[in-house]
Amino acid sequence: MNSSVKNILMVQDSSPCIRTIKIASALQSKGLNIYLAHRGKTPDEVYGYGNSIFDSITLLPKSKLKEIKIIKEIITSKSIDLIHFHNQPDRLGAKLIKTNLSVPVIYDQHDFMSFKHHLSKKDKKYERICNENADGTVYITDSYKNEVAKFYSLIDNSLSFANYFPAESTLHSEDFLPKFSKQDRKTHLVYIGRISEHRTDHRNIIKILKKLSKKRFILHIYPSRNKKYRKYRKIKNLIIHEKLPYKKLLQEISQYDFGITVFNNDVAPKLPHIRFAFGNKTYDYICAGVPVLTQDCLDEVKNFTLSNNFGFILEHYENYQNISQENYSQIVENILQNRNSYSMENQIQRMIDFYQKTLEKFHAKK
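What this report covers is the structure whose coordinates are included nearby. Here the structure is a predicted model, which means the values were calculated and not measured.

**Topic: the overall build of the chain**
For the chain, the helix and strand inventory stands at 16 helices and 13 strands. Its C-alpha radius of gyration of 21 Å places the chain within 12% of the 21 Å reference for a compact globule of 366 residues. On the principal axes, the C-alpha backbone points of the chain span a range of 65 × 45 × 35 Å. In the chain, which comprises 366 residues, the share counted as buried stands at 57%.

**Remarks on the sheet that holds strand 7 (residues 158-160)**
The strand order 3-2-1-4-5-6-7 describes an open sheet built from 7 strands, whose pairing is parallel. At either margin of the open sheet sits one strand with a lone partner, and together these are strand 3 (56-59) and strand 7. Between one strand axis and the next, the sheet turns through 20 degrees on average, direction left out of account. Judged from the 6 bridges that link them, strand 1 (residues 7-12) and strand 2 (residues 33-38) form a sheet pairing that is parallel. The residue of strand 2 that forms the bridge with Asn7 is Asn33. Taken strand by strand, helix 1 (residues 18-29) contacts strand 1, strand 2, strand 4 (82-86), strand 5 (105-109) and strand 6 (136-139), and its axis lies near 175 degrees from that of strand 1. Along the sheet, helix 3 (residues 67-77) contacts strand 1, strand 2, strand 3 and strand 4; its crossing angle with strand 1, the most-contacted strand, is approximately 165 degrees.

**Here's the deal with the sheet that holds strand 13 (residues 311-313)**
As summarised here, the arrangement of the 6 strands in space is 10-9-8-11-12-13, forming an open sheet in which the pairing is parallel. Since the sheet does not close on itself, it has two edges, and those belong to strand 10 (238-240) and strand 13, each with one partner. In this sheet, adjacent strand axes meet at a mean angle of 25 degrees when their direction is disregarded. Sheet topology note: the strand 11 (residues 258-261)/strand 12 (residues 292-294) ladder contains 3 bridges and is parallel. Directly across from Ile260, in strand 12, lies its bridge partner Leu293. Across the sheet, helix 9 (residues 206-214) is in contact with strand 8 (188-193), strand 9 (218-223), strand 10 and strand 11; its angle to strand 9 comes to roughly 150 degrees. Here helix 14 (residues 299-307) sits on the sheet in contact with strand 11, strand 12 and strand 13, set at roughly 135 degrees to strand 13.

**Brief notes about the nonpolar core**
Core analysis: the biggest nonpolar cluster contains 85 residues, and Met10, Leu209, Leu212, Tyr232, Ile253 and Tyr355 have the highest contact counts within it. It is helix 16 (residues 344-365) that provides the largest number of residues to this core, a total of 7 residues. Leu60, Ile83, Leu96 and Ala134 belong to the second-largest nonpolar core, a separate cluster that totals 24 residues.

**A short note on a positive patch on the surface**
On the surface, a cluster of positive charge is made up of Lys210, Lys214, Lys228, Arg230, Lys231, Arg233 and Lys234. With 3 residues, helix 10 (residues 230-233) is the single largest residue contributor to the positive patch. Considering the arrangement of structural elements, one finds Lys234 in the loop between helix 10 and strand 10.

**Structural notes on the packing of aromatic side chains**
Going through the model one piece at a time under the given rule, you end up with 21 aromatic pairs. On the numbers, 5.1 Å between centres and 85 degrees between planes, the contact of Phe161 with Tyr164 is edge-to-face. With centroids separated by 6.1 Å and ring planes inclined at 50 degrees, the aromatic side chains of Tyr222 and Tyr256 adopt a geometry described as tilted. Note that Tyr222 is positioned in strand 9 and Tyr256 in the loop between helix 11 (246-253) and strand 11, a separation of 34 residues in sequence. Given a relative accessible area of 3%, Tyr222 falls into the buried group. Counting every residue linked through ring pairs, the aromatic cluster contains Phe161, Tyr164, Phe278, Tyr283, Phe304, Phe310 and Tyr342.

**With respect to helix 6 (residues 121-133)**
Here helix 6 is 13 residues long and its end C-alpha atoms lie 17 Å apart, about the 18 Å a rise of 1.5 Å per residue gives. Within helix 6, burial applies to Tyr126, Glu127, Ile129, Cys130 and Asn131.

**Observations concerning the packing of helix 4 (residues 91-98) against helix 6**
Helix 6 packs onto helix 4 with a crossing angle of 50 degrees between their chain directions and a minimal axis gap of 8 Å. The orientation of helix 4 relative to helix 6 falls into the category oblique. Two packed elements cross with a definite hand, and for helix 4 against helix 6 that hand is left-handed. Of helix 6, the residues touching helix 4 (which contributes Arg91, Gly93, Ala94, Ile97 and Lys98) are Tyr126, Ile129, Cys130 and Asn133.

**Some words on the pattern of salt bridges**
Counted according to the given criterion, the structure contains 14 salt bridges. Glu127 is the partner of Lys124 in a salt bridge, and the nearest nitrogen-oxygen pair spans 3.9 Å. You can see Lys124 and its partner Glu127 sitting in helix 6, 3 residues apart, about one turn around the helix. Note on Lys124: relative accessible area 30%, which makes it partly exposed. By sharing partners, the salt bridges in this structure join Asp13, Arg39, Glu67, Arg91 and Lys95 into a single network.

**Describing the environment of Arg39**
The topology assignment puts Arg39 in the loop between strand 2 and helix 2 (43-47). Residue Arg39 is classed as buried on the basis of its relative accessible area, which comes to 11%. Separated by 24 residues in sequence, Arg39 and Ser15 have C-alpha atoms that sit 5.5 Å apart. Among the polar contacts made by the side chain of Arg39, one reaches the side chain of Glu67 at a distance of 2.7 Å.

Rules and cut-offs
Residues numbered from 1 in each chain as written. Predicted model: local features only at pLDDT ≥ 70, side-chain atom pairs only at ≥ 80, totals over all residues. Heavy atoms only, no water. Helix = DSSP H or I, 4+ residues; strand = E, 2+ residues; numbered from the N terminus. Rg over C-alpha atoms; globule rule 2.2 N^0.38 Å. Buried < 20%, exposed > 50% of the residue type's maximum accessible area, 1.4 Å probe, protein only. Pairing = 2+ DSSP bridges. Axes fitted to C-alpha atoms, helices over the stretch in contact; angles between N-to-C directions. Contact = heavy atoms within 4.5 Å. Core = buried A, V, L, I, M, F, W, Y, C linked by side-chain atoms within 4.5 Å. Patch = residues over 30% accessible without salt bridge, like charges linked within 9 Å, V, L, I, M, F, W, Y side chains within 5 Å. Areas by Shrake-Rupley, 256 points an atom, 1.4 Å probe, with all protein chains shown as cover. Salt bridge = Lys/Arg side-chain N within 4 Å of Asp/Glu carboxyl O. Lys, Arg positive; Asp, Glu negative; His and termini not counted. Charge placed at Lys NZ, Arg CZ, Asp CG, Glu CD. Phe/Tyr/Trp six-rings, centres within 6.5 Å; stacked < 30°, edge-to-face > 60°. Expected span 1.5 Å × (residues − 1). Parallel < 35°, antiparallel > 145°, perpendicular 65-115°, else oblique. Left-handed = near helix turned anticlockwise from the far one by under 90°. Polar contact = N/O pair within 3.5 Å; in protein donor to acceptor, adjacent residues only side chain to side chain.

Functional significance is not addressed by these values, which are geometric in nature.
Quick look at the structure:
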């Protein structure tokens with residue numbers, strides 16, 4: 001599809017997340033001009049890179065009275081074709097949709113808030129507006145979208161678009177760090193991302209890690225925040241590392257044998273936003289050439305991992321605990337040969353086509 005879309009304004013009512021940055025980078029690689037309006041920290045401050053991707057970055061004021069006026073000024077001054085709003089929270093997205101701007105608003109649902117929190121009537125209203133009244137919607141997976149459809153009457157103009165990895169960050173075999181397992185003959189597992197010590201939090205993975213520790217795996221965690229994590233530090237065979245910039249993190253994890261995608265097994269099977277979602281970490285592992293271990297209850301990640309032969313189900317220890325070097329090398333080689341189709345750059349044309357379709361629908365209504 002030929003596209004007339006050139007200037008995109010990304011809006012996020014928080015610090016930009018890694019998904020926003022990865023999509024923006026891939027769009028930039030295709031010649032689009034990407035602008036950012038946000039609150040919180042800049043990409044460089046959060047991830048150690050990303051500011052240079054955007055043609056301009058506007059920090060929205062704490063006062064919410066002027067935010068629409070500022071966004072309208074960006075639309076005019078930068079000849080914006082379309083707004084791509086990234087959710088959590090939904091408030092500003094709903095406000096943009098209801099303002100009847102001169103350009104379409106696409107709502108990108110990173111997280112469905114009703115799955116995660118008890119929402120106030122006001123927040124529920126924002127969520128409904130975003131899912132039912134945007135000019136276009138983006139969901140992480142089809143199954144996630146189907147769960148959201150149980151709550152709202154979703155619009156037809158939507159796209160399922162996962163948290164693919166950036167091609168420029170892809171590690172090749174010559175970039176890999178030496179495996180620790182070759183030195184100590186032990187299997188090293190790595191987890192990247194947020195962890196929690198709250199008993200009912202889905203990111204409390206203490207019980208799972210204790211079980212893995214008893215099986216004599218060596219565990220490495222790279223949390224998204226540098227905190228004490230006293231309960232985790234008590235686990236035998238577990239090392240907590242300092243938070244690293246994204247690109248350095250990818251090379252760092254190449255020295256481990258498997259990357260684990262896990263959540264609190266006491267609550268995860270009951271949570272649709274966990275079962276049917278597909279976060280960044282699984283793509284980050286294959287980006288770094290590291291096979292994946294994931295739980296049986298994580299439908300989307302499990303199907304992806306098994307259908308591509310990128311790893312194993314965590315609970316099936318017999319398949320990987322004493323895996324031969326030959327079989328392990330075959331899985332790594334398979335990842336290196338087939339992961340490229342899951343890079344953001346290889347997928348981004350679908351987003352550009354969606355932009356064009358949304359733009360045409362928007363102007364046809366005028």
